Amino acid sequence: MTNSNDILVLGGTGKTGRRVAALLAERGVPARAASRGGATRFDWLDDSTWGPALDGAGAVYLVYLQDLSSPDAPGHIQAFLRLARERGVQRVVMLSARGWAGAGPAEEAVRASGLAWTILRPTWFAQNFSEDMFAPYVLGGELRLPTAAGREPFIDVADVAEVAVAALTGDGHAGEVYELSGPRLLGFGDAAAAIAAATGRELRYTPISSEEFIADLIAAGLTAEEAPVVDGLLGIIARDENAYLSDGVRRALGREARDFTAYAADTAAAGAWRG
Ligand SMILES: NC(=O)c1ccc[n+]([C@@H]2O[C@H](COP(=O)([O-])OP(=O)(O)OC[C@H]3O[C@@H](n4cnc5c(N)ncnc54)[C@H](OP(=O)(O)O)[C@@H]3O)[C@@H](O)[C@H]2O)c1
């Protein structure tokens with residue numbers, strides 16, 4: 001049985017969703033973590049899973065697939081939120097991304113849903129160094145990336161999750177777009193130095209060309225179609241297009257965002273880079 005005020009947390013096994021579900025549980029708010037492999041089954045590519053997952057939900061944390069700019073995204077989100085509204089959902093908090101024009105149509109589907117909406121636009125996650133694509137490089141001692149001297153204000157996903165929970169459970173967040181960054185711009189050399197200091201491991205940053213990076217990715221198993229997409233995302237950093245700070249954490253939570261050094265220290269202490 002579900003509570004009629006449950007919060008349905010999509011991407012519930014992922015970097016932000018897992019933390020959103022945990023924070024809600026800590027605060028005694030009924031919530032269900034959903035994904036293909038989650039406790040509640042939900043698959044964006046199988047709409048027969050949508051209705052059962054929505055059963056009893058009053059609010060949704062919406063994490064779409066990795067590629068928010070996919071031509072399918074607006075249609076999927078529109079159809080899902082129409083069903084959600086019919087089933088009694090009143091509020092949606094969407095995880096989008098900062099500085100990604102391609103996410104516009106997906107965001108528009110959320111704004112047009114008729115639900116009370118909040119949009120989160122985080123920068124690149126600090127946890128990409130421990131839970132995602134940069135983690136193998138950290139363990140290998142060398143960040144070989146096509147990011148030149150570009151800087152990025154990496155955000156701790158704990159902050160993204162806390163903003164999401166505030167927007168899912170609190171007042172005053174409807175109609176807000178929160179651009180969420182960390183408090184400081186870091187180049188990949190700075191990030192490597194912070195992780196090396198926290199872990200005592202050697203870690204250096206080696207800037208490489210897009211051609212070398214794409215070849216590395218294909219050797220690691222990505223397809224010839226996927227590899228240039230990843231390279232394109234890192235190219236945004238290389239050109240310093242992300243090199244500015246945003247105040248969404250302060251606006252939503254009334255405090256500053258966590259620094260990368262704190263992330264590196266906590267993550268090292270938790271043993272994430274012992275490998
Ligand atoms: N990583 C970043 O730095 C960053 C920064 C800004 C914005 N974003 C955005 O955040 C979103 C999530 O990225 P992430 O890095 O947080 O990913 P993540 O940690 O890998 O989490 C992805 C989640 O989506 C679920 N999922 C995957 N395929 C699914 C499907 N077909 N149907 C339903 N759920 C599915 C996964 O669980 P299952 O495998 O169990 O289904 C997992 O819970 C993306 O839209 C991305 O663009 C990411």
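Residues numbered from 1 in each chain as written. Predicted model: local features only at pLDDT ≥ 70, side-chain atom pairs only at ≥ 80, totals over all residues. Heavy atoms only, no water.

(A) Local environment of the domain arrangement of the protein. As assigned here, the protein comprises domain 1 (6-122) and domain 2 (124-154 + 182-243 + 258-275). Distance between the C-alpha centres of domain 1 and domain 2: 27 Å. Every contact between the two is made by seven residues of domain 1 and, on the other side, eight residues of domain 2. For the domain 1 and domain 2 pair, buried surface summed over both sides reaches about 730 Å², with 54% attributable to carbon and sulfur atoms. Where domain 1 touches domain 2, the interface holds three salt bridges. One salt bridge in this structure joins Arg19 and Glu131, with 2.6 Å as the shortest N-O distance. Scanning the region where domain 1 abuts domain 2 turns up four residue pairs in polar contact (both at pLDDT 80 or more). Among the elements that line the side of domain 1 that touches domain 2, the one with the most residues is helix 1 (residues 15-26), at four residues. Across the side of domain 1 that touches domain 2, the residue classes tally to two nonpolar, one polar and four charged. (Domains from an automatic or database assignment. Contact = heavy atoms within 4.5 Å. Buried area = accessible area lost by both parts, 1.4 Å probe. Salt bridge = Lys/Arg side-chain N within 4 Å of Asp/Glu carboxyl O. Polar contact = N/O pair within 3.5 Å; in protein donor to acceptor, adjacent residues only side chain to side chain. Helix = DSSP H or I, 4+ residues; strand = E, 2+ residues; numbered from the N terminus. Nonpolar A, V, L, I, M, F, W, Y, C, P; charged D, E, K, R; others polar.)

(B) Up close: the environment of Arg274. Residue placement: Arg274 occurs in the segment after helix 12 (260-269). A relative accessible area of 64% means that Arg274 is categorised as exposed. Considered as a pair, Arg274 and Gly235 are 39 residues apart in the sequence and their alpha carbons are 30 Å apart. With residues near it in sequence (within four places) discarded, Arg274 still touches Arg201, Ala268 and Ala269. (Buried < 20%, exposed > 50% of the residue type's maximum accessible area, 1.4 Å probe, protein only.)

(C) Spotlight on the packing of aromatic side chains. By the definition in use, this model includes 18 aromatic pairs. Between Trp44 and Phe80, the aromatic rings sit 5.2 Å apart at their centres with planes inclined by 70 degrees, giving edge-to-face as the arrangement. Taken together, the residues Trp44 in the loop between strand 3 (40-41) and helix 2 (50-54) and Phe80 in helix 3 (residues 73-86) connect sequence positions 36 residues apart. Accessibility expressed as a relative area gives 5% for Trp44, which makes it buried. A ring pair is formed by Phe188 and Tyr205, whose centres lie 5.9 Å apart and whose planes are at 35 degrees; its orientation type is tilted. Residue Phe188 is found in helix 8 (residues 188-199), and its partner Tyr205 is found in strand 11 (residues 204-207); the two are separated by 17 residues along the sequence. Across this residue pair, the class does not change: Phe188 and Tyr205 are buried. Across the ring face of Tyr244, the terminal group of Arg98 is positioned such that the distance to the ring centre comes to 3.6 Å. (Phe/Tyr/Trp six-rings, centres within 6.5 Å; stacked < 30°, edge-to-face > 60°. Lys NZ or Arg CZ within 6 Å of the ring centre and 35° of its normal.)

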